[in-house]
Amino acid sequence: MKNIVILGSTGSIGTSSLDVIARLGPRYKVIGISANNNTDLFLKQIHSFHPRFAAVLNPESYEKIKDQIPEGTRLLPPEIDSLIFMASLPSADLVISGVVGAVGFQPLVSAIKAGKTIALANKEPMVMAGKTLMKECERWQASIIPVDSEPSAIFQCLAGMANEHTYHNLAQDISKVILTASGGPFAKRKNSLSTVTPGEALNHPRWRMGKKITVDSATLMNKGFESIEIMNLFDLPEKKIQIVIHPQSIVHSAVEFNDGAILAQLGEPDMRVPIQYAITYPLRMESPVKKLNLFDIAKLEFFEPDFAKFPCLELALTAARAGGIAPAVLSATDEVAVEAFLKEEIKFTDIAKLVYTVLKSTPQTRGDATLNQALDADEWARERAKECLQSKTYKKALI
Ligand code: MG
C-alpha cells in the first residue's frame, strides 16, 4: 500500500499522476492534493479520489469551493503552510511535486526533512539549491526520484548502480550523460526569433506540458535547467553533461560509462511512463502507454545545440559555473520573464536579455547556496527583474 500526496494536482503532471494512480488500483491511495485555481477540476478530483486533505493556494478559489467539500476530506487554509503540512504527513509514503516554479521549494524541503520519498517534477528548487537539497536528503534519509523525462531516463539507466539517497562517486563510473532535447518548436526556424508569439512558443512539437515549461523548452532554458538539475541530482560535473538535440524525442537520455558502454532509455514521448515509474519504483507495472515501434520510427537523429540561436542555454550553464546564488537568480528571473512574455509585455528574445541583465548584476557568493540564500536570491531576483522590466534596461543587453 502506498499513500500518495500530490502537490499541483490540476497541472499536467498532477492530472497524469492521477490517471496513472487510478489505473494502478487500490494499492495506491491519494491522501492529499493541492492546486492553485482550477477549482472545477480540483473539485472533480476530490470527489473521485476522496483525499483526506486538500488545499488550494488561491484565496478566491478557497472561498469558491469551501462549501462543496465532501465529508472525509478536510480543506486546508489557502496558504503555503498547507502544502508544507501535506508534504510531511506522517502517513505519506510518496510525495509527488508537480507544482511549477519556486513555490514548490518550501514544500519540498518539508518533505525532505520528514524523510519522504519524493517524485519530483518541479525542477526549479533543484536549480535554485540542488546541491544543498541533496545534502539534506542524505541527512534525513529522504529520496528524490526524478519525474521529468530526461532525469528519469538517467535515473532508469543507473538503476542498481546507486541508491537514491546519494550519488557520490557515481562520477567515477560515468564518462558522460547524454541529455537529449527535442529542440522545441524553433529548432529549424531560420528567421529571427524576435517576432515569435506566445501561441507559437506554446506549440511544442513533441510534448504536451504546462505553459511555463513549454516556453522554457522553446528558449532551451529548460535544457539549461535540466543540466543543472542533473549535475545536482547525480553529483556530476558540467563537463560530463552533453546536450544533444534529438528531434524525435524517442531517446529520453542516455548514460555513457567508463568502459564505453552506453545505456539509453527509449520510448514514445508520454509523461505517464516516468510518472508511473516514480510511483511504482522499483517495480514496473502495466501501463496504457503506446509501445514504441522501431520500424515506425526508422530514423533517429542527433544534432549539436545552437548556442547562438538559443542564448538561454549558455546563460544557464554560465549560472551553473558561477554557482552560489546565480542558479536561483536564473530560475526566478526566468519565471518573471516567461510570465511577461506570455502576457505579451516583452518579446520572445527579451527573455534571454532580461535573464542576462539580472544575472550580470547578481552579487557573487561563495560555495553552494544554502536554502535561505536561495530563497532570498529568488525574492531579490524577482524584484530586480520587475525593475528592469519597468525601466526597460534589459533592452540594452548585447545578447
Ligand atoms: Mg524534460
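The rules behind the values
- Residues numbered from 1 in each chain as written.
- Predicted model: local features only at pLDDT ≥ 70, side-chain atom pairs only at ≥ 80, totals over all residues.
- Heavy atoms only, no water.
- Helix = DSSP H or I, 4+ residues; strand = E, 2+ residues; numbered from the N terminus.
- Rg over C-alpha atoms; globule rule 2.2 N^0.38 Å.
- Buried < 20%, exposed > 50% of the residue type's maximum accessible area, 1.4 Å probe, protein only.
- Contact = heavy atoms within 4.5 Å.
- Areas by Shrake-Rupley, 256 points an atom, 1.4 Å probe, with all protein chains shown as cover.
- Patch = residues over 30% accessible without salt bridge, like charges linked within 9 Å, V, L, I, M, F, W, Y side chains within 5 Å.
- Salt bridge = Lys/Arg side-chain N within 4 Å of Asp/Glu carboxyl O.
- Domains from an automatic or database assignment.
- Buried area = accessible area lost by both parts, 1.4 Å probe.
- Polar contact = N/O pair within 3.5 Å; in protein donor to acceptor, adjacent residues only side chain to side chain.
- Nonpolar A, V, L, I, M, F, W, Y, C, P; charged D, E, K, R; others polar.
- Core = buried A, V, L, I, M, F, W, Y, C linked by side-chain atoms within 4.5 Å.
- Pairing = 2+ DSSP bridges.
- Axes fitted to C-alpha atoms, helices over the stretch in contact; angles between N-to-C directions.

Right, let's talk about the overall build of the protein for a bit. The helix and strand inventory of the protein stands at 16 helices and eleven strands. Taken over the C-alpha trace, the protein has a radius of gyration of 20 Å; the compact-globule value for 399 residues is 21 Å, and the two agree within 12%. The principal-axis extent of the C-alpha atoms belonging to the protein is close to 60 × 55 × 40 Å. With 399 residues in all, the protein has 56% of them scored as buried. Long-range contacts, defined as pairs at least 24 residues apart, comprise 69% of the intrachain contacts of the protein with a sequence gap of at least 6. Total accessible area computed for the protein in this model is approximately 17,400 Å², and 52% of it derives from carbon and sulfur atoms.

What follows is about a nonpolar patch on the surface. A contiguous nonpolar patch, built from Leu266, Leu294, Leu300 and Phe302 and spanning about 360 Å² of accessible area, is present on the exposed surface. Secondary-structure assignment places Leu294 in helix α12 (residues 294-297).

What follows is about the domain arrangement of the protein. You can read the domains of the protein as domain 1 (2-147) and domain 2 (170-396). Each of domain 1 and domain 2 has a C-alpha centre, and these two points are 23 Å apart. Facing the 39 residues of domain 1 at the interface are 39 residues of domain 2. Interface area, domain 1 with domain 2, both sides summed: about 3,300 Å², of which 68% is carbon and sulfur. Of all residues in domain 1, the largest losses of buried area upon contact with domain 2 belong to Lys123, Val127 and Met128, amounting jointly to 21% of the total for that side. Connecting domain 1 to domain 2 are four salt bridges. Between Lys212 and Glu124 there is a salt bridge; the shortest N-O distance is 3.0 Å. At the junction of domain 1 and domain 2, the tally comes to ten residue pairs in polar contact (both at pLDDT 80 or more). Secondary structure elements with two or more residues in the side of domain 1 that touches domain 2: β1 (2-7), α1 (12-24), β5 (94-97), α5 (105-113), α6 (124-140) and β7 (143-146). Per-element tally for the side of domain 1 that touches domain 2: the top contributor is α6, with twelve residues. Within the side of domain 1 that touches domain 2, the residues separate by chemical class into 23 nonpolar, seven polar and nine charged.

Counting 129 residues, the largest nonpolar core has Ile96, Ile144, Phe234, Ile279, Leu330 and Phe348 as its most contacted members. Looking at this core, the element that brings in the most residues is helix α14 (residues 326-342), giving ten residues. Two domains each put at least three residues into this core: domain 1 (2-147) and domain 2 (170-396). Once residues lying within four places of it in the same chain are set aside, the contact partners of Ile279 are Lys2, Ile4, Ser17, Val20, Ile21, Leu24, Tyr28, Leu94 and Ile96.

Let us look at the sheet that holds strand β8 (residues 174-181). As summarised here, the arrangement of the four strands in space is β9-β8-β10-β11, forming an open sheet in which the pairing is mixed. The sheet terminates laterally at β9 (241-245) and β11 (262-266), the two strands that pair on one side only. Going across the sheet, the axis of each strand differs from the next one's by a mean of 20 degrees, ignoring polarity. Pairing of strand β10 (residues 251-257) with β11, which is carried by five bridges, proceeds in the antiparallel orientation. Looking at β11, one finds that Val251 is bridged to Leu266. Lying over the sheet, helix α7 (residues 149-157) contacts β8, β10 and β11, oriented at roughly 40 degrees with respect to β10.

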